[in-house]
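Structural overview for review
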Amino acid sequence: MLYDKFQYRIMGDRSVLVELGDEISPEVNRRVREFYAIILENPIEGLLEIVPAYRSFLIIYNPLKIDLFMIKTKMEALKKKIGKIKIPEPKTVEIPVVYGGKYGPDMEWVAQYHKISIEQVIQLHTGTTYQVYMIGFMPGFPYMGELPEGLATPRRETPRTVIPQGSVAIAQTQTGIYPAESPGGWQILGRTPLKLFNPLHSPPTLLEMGDLVQFFSIGEEVFKQWQQ
Amino acid sequence: MAAVETIEVLTPGPLTTFQDLGRFGYGRYGVPPSGALDTFSLRAANLLVGNKENEACLEITMFGLKIKALRDVAIAVTGGDLLPFYNDKPLSMWVSLILKEGDTLSFRGMKGGCRSYLSIGGGFFLPEVIGSRSTNLSSGFGGLDGRPVKKGDIFTAHLPEPHLETEGRWFPQDLIPRYKSEWRLRVIFGPQDVQFTKKAKTTFCNSYYQVNPQSDRTGIRMTGPIIERRPNVHESIISEGVIPGAIQVPGDGQPIIILVEIVTGGYRKIATVITADLPLLGQIKPGDIVKFEQVSLDKAYKAIREIEERIKRFKEGLLCRPP
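Residues numbered from 1 in each chain as written. Chains lettered and ligands numbered in written order. Predicted model: local features only at pLDDT ≥ 70, side-chain atom pairs only at ≥ 80, totals over all residues. Heavy atoms only, no water.

Right, let's get into the overall build of chain B. Summing up its helical and strand segments, chain B has four helices and 20 strands in all. Relative to a compact globule of 323 residues, whose C-alpha radius of gyration would be 20 Å, chain B shows 20 Å and is just as compact. Across its three principal directions, the C-alpha atoms of chain B cover 65 × 40 × 35 Å. As displayed, chain B has an accessible area near 13000 Å², and 52% of this comes from carbon and sulfur atoms. If the 40 positive side-chain charges of chain B are averaged to one point and the 35 negative ones to another, these points end up 5 Å apart. (Helix = DSSP H or I, 4+ residues; strand = E, 2+ residues; numbered from the N terminus. Rg over C-alpha atoms; globule rule 2.2 N^0.38 Å. Areas by Shrake-Rupley, 256 points an atom, 1.4 Å probe, with all protein chains shown as cover. Lys, Arg positive; Asp, Glu negative; His and termini not counted. Charge placed at Lys NZ, Arg CZ, Asp CG, Glu CD.)

Quick look at the structure:
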């Protein structure tokens, strides 16, 4: 649900978390994206960084230049622009995935957990269009939802110390992609040959908040060709 | 601008990376700030050799780095005392001095703190990647192609010669922070302090926490009395942006101070270290003892102004020095 009023929570003496709603949902996330666009269009002196997320954004500021009271005042004034600006159209990105086998070490466990076949897991995962709610955890990692009901899966009890680059994984009602090798606790279903983060590109990530994602299944041969 | 070969790495030590004041404005892409953990020491090191405050320096962790000068260059070493030696003599820290061609500089142990900063006059020649020269190790970009310094690396500098004139500049003794092994960190409660029990907040402020060896540039992990969340709240929260200094408490009730290599997180945070104390986080090492002390926002702002005042006093002192 969207809150009637913004909820401000201070994070130390130089940042404030602004919460717009109490849940992970397309509606709340859309509002975050819209308000983020409003702030970008109306730059405020003294802000160092804004980190948009599922249902909040974090404002990091230079306390020698601006204070909390000023930030709140500006935010409340900018609220009047909600509904009056055009937010950038999300792009749809199709992402190839080689599912299962050595590329998806948790595939069998996930299939057994839901008492369905591997084929059905793939059908479920590719049968939905996901929304990118936020990019976080590491550069380019997209948090996407929602998984179809029959695929919501708890995290692994013991996180892995190494998850290969490109791994496509799920946890609870979300799905994500590891842009670089990393430790992690999500259940790995497969791997994509696409690069999700390239520091030399602008923007540096393949996906941005708000984008729509459609997975499709490819074979190992195609995966290898794609990598080249 | 001419860049010339200036420094050769003889041994790299366990972790030496290039860092500047960090990378801002890319949080929406999941890009963390990175940058020097002890920004105060980095700024001082740069000012001593006549650089801009934000120039990239070597951040040396614990011990082991040994370098050789390939030409005369002004340098300064600040931050933790890692027993720096100039050839075979102890080297003075927090001053600008000249390494002559062929001289070596080595870091031989940990006497106080755990990270030293080495600046060179003119600055290391490195490309900016996503707005900064800082190394992001986990995603492998920035600094030296996103990797730590290794044996045989040769660093180039921008026109080091004019900076030789900075020789002898010193940072006033009374402005240099003292690094011990017991730390008092000032914090402000929030953003999720209300989701912890009253007792937990008292425990948090009245206990001593010991720093674990698993600490790195992502976070300082600690062990001590358990900080309990309220019984009706879930272990994790909906992921949100985080800043260095935020103290998250996962399900096991042991606090972790977030450092510079992450930008979002899904654990609740009981409190956040004030900006003025952030540079100290870079000097806290495994085995050290940490105690948290709650302060008001007003006090926190006063403390930031004090830090800036120290840097300003130093800069003014530089201007007053006779030519």
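Below, the discussion takes up unusual backbone geometry. The residue after Ser202(A), namely Pro203(A), is reached through a cis peptide bond having omega 0 degrees. Counting through the fold element by element, Pro203(A) comes out in the loop between strand 12 (187-191) and strand 13 (212-217). The residue after Gly190(B), namely Pro191(B), is reached through a cis peptide bond having omega 5 degrees. Positionally, Pro191(B) belongs in the loop between strand 12 (182-189) and helix 2 (198-206). Positive phi values are uncommon outside glycine, yet Phe137(A) reaches one of about 70 degrees. Within the secondary structure, Phe137(A) sits in the loop between strand 6 (129-135) and strand 7 (142-145). Even without a glycine there, the phi angle at Met62(B) is positive, about 75 degrees. Its place among the elements puts Met62(B) in the loop between strand 3 (57-61) and strand 4 (65-69). You can call Met62(B) partly exposed: its relative accessible area is 27%. (Buried < 20%, exposed > 50% of the residue type's maximum accessible area, 1.4 Å probe, protein only.)

This part takes up the domain arrangement of chain A. Residues and elements named next belong to chain A. Its domain assignment divides chain A into domain 1 (2-81) and domain 2 (92-227). Each of domain 1 and domain 2 has a C-alpha centre, and the two are 29 Å apart. Taken together, the nine residues of domain 1 in the interface contact nine residues of domain 2. Counting the surface lost from both domain 1 and domain 2, the interface buries some 810 Å², and carbon and sulfur atoms represent 64% of this. If you sort the residues of domain 1 by the area they bury against domain 2, Asn29, Arg33 and Tyr54 come out on top, with a joint share of 57%. One can count zero salt bridges joining domain 1 with domain 2. At the boundary of domain 1 and domain 2, one finds three residue pairs in polar contact (both at pLDDT 80 or more). Among the elements that line the side of domain 1 that touches domain 2, the one with the most residues is helix 1 (residues 26-41), at four residues. Looking at the side of domain 1 that touches domain 2 residue by residue, the class counts come to six nonpolar, two polar and one charged. (Domains from an automatic or database assignment. Contact = heavy atoms within 4.5 Å. Buried area = accessible area lost by both parts, 1.4 Å probe. Salt bridge = Lys/Arg side-chain N within 4 Å of Asp/Glu carboxyl O. Polar contact = N/O pair within 3.5 Å; in protein donor to acceptor, adjacent residues only side chain to side chain. Nonpolar A, V, L, I, M, F, W, Y, C, P; charged D, E, K, R; others polar.)

Another aspect to go through is the pairing of strand 9 (residues 167-171) of chain A. All names here are of chain A. Extensive coverage of strand 9 is indicated by the burial of five of its five residues. Because side chains alternate across strand 9, one face comprises the buried residues Ser167, Ala169 and Ala171, and the other comprises Val168 and Ile170, equally buried. The pairing of strand 9 with strand 12 spans four bridges and is antiparallel. Directly across from Val168, in strand 12, lies its bridge partner Gly190. The sheet contact formed by strand 9 and strand 10 (residues 174-177) spans four bridges and is antiparallel. Residue pairing in the sheet places Ala171 in a bridge with Gln174 of strand 10. (Pairing = 2+ DSSP bridges.)

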